[in-house]
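Chains, contacts and geometry: an overview
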Amino acid sequence: MRFHLEASFRLSADASLAKDEVAQFFSGAGSIMQKGAPEGQGARIVQWKLEGNKIDLTIESDRYVRAHDAILRLRKPLAELLGKKYRIGVRGLEVSRFEIDVESDRSIEHKIPYVREIKFENGVLKLDLDVGSSGTLGQSEIENRIPDRIVSLLEEKLQSYGGKAEHWELLWESPERPSKFNKDPTEEMLKSGWIKHGSSRGQWVFGPEATHIFRTFEQIVLDEIIKPLGYREMIFPKLDTWDIWKKSGHAQGVYPEIYFVCPPKTRDPAFWEEVMDYYKVTHEVPLDLVKEKIDVPIGGMCYAQCPTFWGFVQGTTLPSDELPIKVFDRSGTSHRYESGGIHGIERVTSSTA
């Protein structure tokens, strides 16, 4: 792996008088830029230039001390050098060029954030990052470790995933019992009128008979498992905001399977009058017009119950005797866009909690 970074430190004043001290600083900067790396590895300054209130740097490195980390290491000691004697501060960092080379046995066609172009040459993926005055990757992104996440994402996409082996240990099993029913429960309940298709894809309406069966199962679970184990009931929201999914990890890849929730841009009836009048005349909902009047998604419908619980205990300190926390929620449904995986009442777009 190779990193090539061209960037500039912006100074608060002309630092020409400090050129000799700056030259001495950069000549001895190897100890800073290679700290923590194996001997002979790390980052190095290929060239530098002091011109007025700007110091241009070209840094190359390997994976051990990456170029963007190296330039951040230089910032504080450089500021101390210029500040103490010359009263000059380091105001900011500007990136003019950033390239990353990653060894690979194949090219990729994926679009990666902050990457302008990807080329595959002689077993190497060459990433040209989007920088410059009109670019997107600058000081803030470097401080937030965006380049490291780009590399991690690239490595993830280059990996070939196989099936996961099961790892389990049998502790106990009950005697084998003969199956008393071997038909498709969806088809049988449809024939009996116990369930019917809902108005939406993958949705079902459960009649009294089917609901009675489910509630019986629920009561058995409550009496035989939940209560004996000491669980207590709570009620969680069924709208998960992006903050919830960022903390739970779902924000990394849940998008193809969620139902997004978009609020209206305003509750003002006048703003929606055109939509309402259109329906009154045509008895059709003008979806294209509705799309223009809703805001960006604030999150999605509940995908899994557990993440929303975290906010309840966030920022609190719990005594050890209250751990592990044992709570459950049965107040509503979870919702997943199952795509081609829908099958009867087994895989649906909404299911009981």
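For the structure, check the block above.
Residues numbered from 1 in each chain as written. Predicted model: local features only at pLDDT ≥ 70, side-chain atom pairs only at ≥ 80, totals over all residues. Heavy atoms only, no water.

**Section: the overall build of the chain**
Our working rule: Every helix listed is a DSSP run of H or I at least four residues long, and every strand listed is a run of E at least two residues long, numbered separately from the N terminus. To get the radius of gyration, use the C-alpha atoms; to get the globule rule, take the number of residues to the power 0.38 and multiply by 2.2 Å. The contact criterion used throughout is that any non-hydrogen atoms of two residues lie within 4.5 Å. Throughout, the Shrake-Rupley method with a 1.4 Å probe supplies accessible areas, and for residues the shown protein chains are the sole cover considered. Under the counting rule used here, the positive set is Lys and Arg, the negative set is Asp and Glu, and His together with the chain ends is not counted. For charged residues, the charge sits on one atom: NZ in Lys, CZ in Arg, CG in Asp, CD in Glu.
When you go through the chain residue by residue, the secondary structure sums to 11 helices and 15 strands. In terms of overall size, the chain is more extended than a compact globule, its C-alpha atoms giving a radius of gyration of 30 Å where 353 residues would be expected to give roughly 20 Å. With the C-alpha coordinates of the chain rotated into their principal frame, the extents come out at 90 × 65 × 50 Å. For the chain, restricting intrachain contacts to residue pairs at least 6 apart in sequence, the fraction spanning at least 24 positions comes to 66%. With the model as given, the accessible surface of the chain reaches about 23,700 Å², and the carbon-plus-sulfur share is 51%. Across the chain, the 47 positively charged side chains and the 54 negatively charged ones have centroids separated by 4 Å.

**Considerations on helix H6 (residues 185–192)**
Quick reminder of the rule: Two N or O atoms form a polar contact when they lie within 3.5 Å of each other; inside protein one atom must be a possible hydrogen donor and the other a possible acceptor, and for residues adjacent in sequence the pair counts only when both atoms belong to side chains.
Of the residues that open H6, the one with a side-chain oxygen 2.9 Å from the backbone nitrogen of Thr186 is Asp184. Of the residues one or two after H6, Gly193 is the one with positive phi, at around 80 degrees.

**A word on the side chain of Arg66**
Spelled out, the test is: Relative accessibility under 20% of the residue-type maximum defines a buried residue, over 50% an exposed one, and the middle range a partly exposed one, all with a 1.4 Å probe and only protein chains included.
Summarising the element assignment, Arg66 is placed in the loop between strand S3 (54–61) and helix H3 (67–86). On the accessibility criterion, Arg66 (15% relative accessible area) is buried. Polar contacts involving the side chain of Arg66 include one to the side chain of Asp148, which spans 2.8 Å.

**A closer look at helix H9 (residues 269–282)**
Since there are 3.6 residues in each turn of an α-helix, residues three or four apart along the chain are aligned in direction. Keep this limit in mind: An expected span of 1.5 Å times one less than the residue number is assigned to each helix. One axis fitted to the seven residues ending at a residue, another fitted to the seven starting there: the angle between these axes is the bend at that residue.
The terminal C-alpha atoms of H9 lie 19 Å apart, and with 14 residues this matches the ideal 20 Å at 1.5 Å per residue to within 8%. The largest bend in H9 comes to about 30 degrees, at Val275. Sitting at the amino-terminal end of H9 is Asp268, which places a side-chain oxygen 3.0 Å from the backbone nitrogen of Ala270. Positive backbone phi, approximately 60 degrees, marks His283, located one or two places after H9.

**Notes on the sheet that holds strand S12 (residues 299–301)**
We apply this condition: Two strands pair if DSSP finds at least two bridges between them.
Reading across from one edge, S10-S12-S11 is the order of the three strands in this open sheet, with antiparallel pairing throughout. At either end of the open sheet lies a strand with only one pairing partner, and these are strand S10 (239–241) and strand S11 (260–261). For S11 and S12, the ladder comprises two bridges, and the chain directions are antiparallel. The residue of S12 that forms the bridge with Val261 is Gly299.

**Topic: unusual backbone geometry**
Backbone torsion omega between Leu323 and Pro324 reads -5 degrees, so that peptide bond is classified as cis. If you trace the backbone, Pro324 turns up in the loop between helix H11 (310–313) and strand S13 (327–329). At Tyr114, a position not held by glycine, the phi torsion is positive, near 70 degrees. Relative to the helices and strands, Tyr114 is located in the loop between strand S4 (90–103) and strand S5 (115–121).

**Quick notes on the pairing of strand S1 (residues 2–11)**
Each regular strand carries side chains that alternate between the two faces of the sheet. Counting buried positions along S1 yields seven of 10 residues, so the element is predominantly enclosed. In this structure, S1 lies alongside S4, joined through 10 bridges in antiparallel fashion. Note on S4: the bridge partner recorded for Glu6 is Arg97. Inspection of the sheet shows S1 paired to S3 by eight bridges, in the antiparallel sense. Bridged to Arg10 within S3 is Lys54.

**What to know about the pattern of salt bridges**
The cut-off we apply is this: The salt bridge definition used is simple: a Lys or Arg side-chain nitrogen within 4 Å of an Asp or Glu carboxyl oxygen.
This model, assessed by the stated rule, comprises 23 salt bridges. In this structure, Arg215 engages Glu218 in a salt bridge whose closest nitrogen and oxygen atoms are separated by 3.3 Å. Placement of the pair is Arg215 and Glu218 together in helix H7 (residues 208–226), with a separation of three residues, close to one helical turn. Here Arg330 and Glu233 are joined by a salt bridge, their closest N and O atoms 3.0 Å apart. Note that Arg330 is positioned in the loop between S13 and strand S14 (333–335) and Glu233 in strand S9 (residues 232–234), a separation of 97 residues in sequence. Through salt bridges with shared partners, one network takes in Arg2, Arg44, Glu60, Asp101 and Lys126.

**Here we look at a nonpolar patch on the surface**
Heads up, the condition is: Only residues whose relative accessible area exceeds 30% and that take part in no salt bridge are eligible for patches, with like-charged residues grouped when within 9 Å of each other and nonpolar side chains (Val, Leu, Ile, Met, Phe, Trp, Tyr) grouped when within 5 Å.
Among the surface-exposed residues, Phe206, Ile213, Phe214, Phe217 and Ile220 lie close enough to one another that they form a single nonpolar patch of about 440 Å² accessible area. Looking at where Phe206 falls in the secondary structure, it is placed in strand S8 (residues 204–206). Phe206 gets classed as partly exposed once you look at its relative accessible area, which sits at 32%.

**A closer look at the sheet that holds strand S6 (residues 124–129)**
Convention followed: Axis definition: a line fitted to C-alpha atoms, over the contacting stretch in the case of helices. Angles run 0 to 180 degrees between N-to-C directions.
The six strands are arranged S2-S3-S1-S4-S6-S5 in an open sheet whose pairing can be described as antiparallel. Strands with a single pairing partner mark the edges of an open sheet, and in this sheet they are strand S2 (43–51) and S5. Ignoring strand direction, the axes of neighbouring strands in this sheet form an average angle of 15 degrees. Pairing of S2 with S3 involves eight bridges; the strand directions are antiparallel. The partner of Glu51 across the bridge, within S3, is Lys54. Running at roughly 145 degrees to S6, helix H5 (residues 146–158) makes contact with S1, S4, S5 and S6 of the sheet.

**Let's talk about the nonpolar core**
Put simply, the rule reads: What is meant by a nonpolar core is a set of buried Ala, Val, Leu, Ile, Met, Phe, Trp, Tyr and Cys residues, joined one to another through side-chain atoms within 4.5 Å.
Ranked by internal contacts, the top residues of the largest apolar core, which has 47 residues, are Phe9, Leu11, Ile55, Ile59, Leu74, Phe98 and Leu129. Going through the elements one at a time, S1, helix H1 (19–27), S2, S3, H3, S4, S6 and H5 are the ones with two or more residues in this core. The contact partners of Leu129, leaving out residues within four places of it in the chain, are Phe98, Ile100, Tyr114, Val115, Arg116, Leu137 and Ile150. Ile244, Trp245, Val254 and Tyr303 belong to the second largest nonpolar core, which has seven residues in total.

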